[in-house]
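The chain contents come next:
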Amino acid sequence: AHAERELLLDGPKGSISTSEMKAELEAAGVGVPTPQETVELAVWWAKQVAEYKPGVHRGVAWLKVFKEVDNDHSGLITFDELKHVVRQSFKVTRSAFSDLKLKQLWCAVDTDESDSIAQVEFGRFVKLAKDCRLTLQKAIDHGKEYNFERSVKHGTVSRGLRYAVATGNWGL
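Everything in this summary refers to the structure shown in the same document. Just so it is clear, the structure is predicted and the values come from calculations on it, not from any experiment. Position numbers for residues count from 1 along each chain, tracking the sequence in the order it is written. In keeping with the model being predicted, local features are shown solely for residues with a pLDDT of at least 70 and side-chain atom pairs are shown and tallied solely at 80 or more, while totals for entire chains, interfaces and linings include all residues. As a rule here, side-chain values come from all non-hydrogen atoms in the structure, and water together with hydrogens is ignored.

## Observations regarding the environment of Pro35
- Note on conventions: DSSP H or I runs of at least 4 residues are helices, E runs of at least 2 residues are strands, and numbering of each starts at the N terminus. As for its placement among the helices and strands, Pro35 is situated in helix α3 (residues 35-52).
- In sequence terms Pro35 and Ala108 are 73 residues apart; their C-alpha atoms lie 8.7 Å from each other.

## Observations regarding the pattern of salt bridges
- By definition, a salt bridge exists where a carboxyl oxygen of Asp or Glu is found within 4 Å of a side-chain nitrogen of Lys or Arg. Using the criterion set out here, one finds six salt bridges in the structure.
- Close ionic contact of Glu68 with Lys53 constitutes a salt bridge, the shortest N to O distance being 3.0 Å. You can see Glu68 sitting in helix α4 (residues 58-69) and its partner Lys53 sitting in the loop between α3 and α4, a full 15 residues away along the chain.
- In this structure, the salt-bridge partner of Asp99 is Arg87, at a minimum N-O distance of 2.8 Å. In this pair, Asp99 sits in helix α6 (residues 99-109) while Arg87 sits in helix α5 (residues 79-89), placing the two residues twelve residues apart along the sequence.
- A 1.4 Å probe rolled over the protein chains alone gives each residue an accessible area, and that area as a share of the maximum for its type sets the label: buried under 20%, exposed over 50%, partly exposed in between. Since its relative accessible area comes to 27%, Asp99 is described here as partly exposed.

## Focus on the packing of aromatic side chains
- Stacked, tilted and edge-to-face pairs are distinguished by plane angle, under 30 degrees for stacked and over 60 for edge-to-face with tilted covering the rest, among Phe, Tyr and Trp rings (Trp via its six-membered ring) whose centres lie within 6.5 Å. As enumerated under the stated definition, the model contains eight aromatic pairs in all.
- Judged by centre distance (5.0 Å) and plane angle (55 degrees), the ring pair of Trp45 and Phe90 falls under tilted. Highlighted residues: Trp45 in helix α3 and Phe90 in the loop between α5 and α6, separated in sequence by 45 residues. Each member of the pair, Trp45 as well as Phe90, is classed as buried.
- For the pair Phe122 and Phe125, a centre-to-centre distance of 6.0 Å together with 75 degrees between the ring planes defines the contact as edge-to-face. Taken together, the positions of Phe122 and Phe125, both in helix α7 (residues 119-141) and three residues apart, correspond to about one turn of that helix. The residues Phe122 and Phe125 share a single accessibility class, namely buried.
- Taken together through their ring pairs, the aromatic side chains of Trp45, Tyr52, Trp62, Phe66, Phe90, Phe122 and Phe125 make up a single cluster.

Okay, structure coming up:
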């Protein structure tokens, strides 16, 4: 009973912590993803999901993938589960998407450094790709230059702040 309580309080953990990944990325000279790289990773993820779940609305497809990999139905996924979906389900090779890139992806999503990703965290990450796509389409439609900074919506940041306040997970 004590172990189950601890799992509920702490969430499932992967084979490596987010802070260890960040240190490994820094040591490799790659670093954690910048805001622009985070959006690029979100767009990459959206493309992988679309290829894996063809015909499924993109607003639902990512959630289906999340629930598919969340074997214990905790609402949380670990790095090992994310790695499994990228390598096994999406069939993305290390040469196409390195383990360091995979760790960057993880760090971009696990913003509270809890060593697990909550469904709400993943939803915010996926929304970055949607916001980027809509902003790009609007720029194309109006013959204007694309502005990356306009892709990240204020509401996405505000919801992230509300999540941090509500859960106490500040990612510090």
